[in-house]
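The lines below spell out each chain.
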Amino acid sequence: MMLADAHLHFFRNGFPGLYGESLLRPEIEVYENLRKAHGIAAGLVVGYEGEGIDPGNNAYIRALTAERPWMHTVAYADAHSAPTADVVTAILESGHAGVALYVTDAAKGAAAAAWPASAWNVLHQARALVSLNATPECLAVIAPAIENFSGCTFLISHMGLPGSYRQPLAMADAEARLAPLLRLATLANVMVKISAPYAISDPAFSYPHVAAEPFLDLILNRFGVERCLWGSDFSPSLDHVSFAQTISYPWLERLGDADRASVMGGNLLRLLDSAKK
């Protein structure tokens, strides 16, 4: 089975995480070893320039691709930036496959929803990827853009960030919490990253993250195997679990061989190939 990682990060000085400084330096060399050990054929690197971690992250991850054809990138875009069409065009012309948006509170959701139509149109016309970290509340706010700019493929990170739980929710409660994401299942341009189940667990290190399973079941049922993508969330995930645990996740192991191969790599490889055309 060929793997392809739909959600990973690289930072110039590493991700500071729980301990205030990176335990992995340089991250790219660590991931290269992991990639070879686990047979990861491609990866979508998600830019992030918030919190002062790496203000030049977009340029840094593009520089990494020069000798790594397996890497594809989406550039961090501040939700409050209201970019012009020229700014978005420059992002794409620099080699990024699209943008990464983090809309995790009401203000960011409203700001992203108010982006100029001309900027969205550039992404739409380019058939760009939009990696979207968004809570259910923010997804509800940005849903019109997702629907109107169907040329973009929106990749919803971390199973829609439903929150963390000590015990699995009853299915009806999980469905209510995830409702804004599940409503997007009718849109062919929306895919969901099966990434960061640790973020749904309380505590986060409680592998195998049984609290995530009701959400996973709902996502698979509504979106189908063909629109789910595995992501490791390297390197933030390693504050909580081993890299092997991001791959050998029991819920994914229950899928049939063909379905699991699609989620673990086939779907992303097809998406990246389509984005080049």
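The rules we used
- Residues numbered from 1 in each chain as written.
- Predicted model: local features only at pLDDT ≥ 70, side-chain atom pairs only at ≥ 80, totals over all residues.
- Heavy atoms only, no water.
- Helix = DSSP H or I, 4+ residues; strand = E, 2+ residues; numbered from the N terminus.
- Contact = heavy atoms within 4.5 Å.
- Polar contact = N/O pair within 3.5 Å; in protein donor to acceptor, adjacent residues only side chain to side chain.
- Pairing = 2+ DSSP bridges.
- Axes fitted to C-alpha atoms, helices over the stretch in contact; angles between N-to-C directions.
- Phe/Tyr/Trp six-rings, centres within 6.5 Å; stacked < 30°, edge-to-face > 60°.
- Buried < 20%, exposed > 50% of the residue type's maximum accessible area, 1.4 Å probe, protein only.

Colleague: Whenever I open this one, the environment of Arg 62 confuses me. Can you help?
Modeller: Within the secondary structure, Arg 62 sits in helix H2 (residues 57–64). Arg 62 sits 81 residues away from Ala 143 along the chain, and the two C-alpha atoms are 29 Å apart. With residues up to four places along the chain from it excluded, the contact list for Arg 62 reads Thr 73, Ser 94, Gly 95 and His 96. A distance of 2.9 Å separates polar atoms of two side chains, one belonging to Arg 62 and the other to Thr 73.

Colleague: In this structure, what is going on with the sheet that holds strand E8 (residues 228–230)? I would like to understand it.
Modeller: Pairing between sheet strands relies on hydrogen bonds along the backbone, with the strands arranged either parallel or antiparallel. The strand order E1-E2-E3-E4-E5-E6-E7-E8 describes an open sheet built from 8 strands, whose pairing is parallel. Of all the strands in the sheet, the pair left with one neighbour each is strand E1 (3–8) and E8. On average, each strand axis in the sheet is inclined to that of its neighbour by 25 degrees, with strand direction left out of account. Of the pairings in the sheet, the one linking strand E7 (residues 190–194) to E8 comprises 3 bridges and is parallel in character. Bridged to Val 192 within E8 is Cys 228. Running over the sheet, H2 touches strand E2 (40–46) and strand E3 (71–76) and is turned about 170 degrees from E3.

Colleague: In this structure, what is going on with the packing of aromatic side chains? I would like to understand it.
Modeller: The geometry of an aromatic ring pair is captured by the separation of the ring centres together with the interplanar angle, meaning the angle of the planes. Taken as a whole, this structure holds 14 aromatic pairs when the rule is applied. With 5.2 Å between their ring centres and 40 degrees between their planes, Trp 115 and Trp 120 make a pair best called tilted. Classification of Trp 115 by relative accessible area gives buried; the value is 4%. Ring centres of Tyr 165 and Phe 215 lie 5.7 Å apart, and the angle between their planes is 35 degrees; on these two criteria the pair is classed as tilted. Highlighted residues: Tyr 165 in the loop between strand E6 (153–156) and helix H7 (171–177) and Phe 215 in helix H9 (residues 213–223), separated in sequence by 50 residues. Like Phe 215, Tyr 165 is buried. Counting every residue linked through ring pairs, the aromatic cluster contains Phe 10, Tyr 31, Trp 70, Phe 234 and Phe 243.

Colleague: I tried to follow the pairing of E7 on my own but got confused; where do I start?
Modeller: Both faces of the sheet carry side chains from a regular strand, because those side chains alternate between them. Taking burial as the measure, the 5 residues of E7 include 5 buried ones, the bulk of the element. The side-chain alternation of E7 yields two buried faces, one formed by Val 190, Val 192 and Ile 194 and the other by Met 191 and Lys 193. As paired strands, E6 and E7 are joined by 3 bridges and run parallel to one another. Directly across from Leu 155, in E7, lies its bridge partner Met 191.

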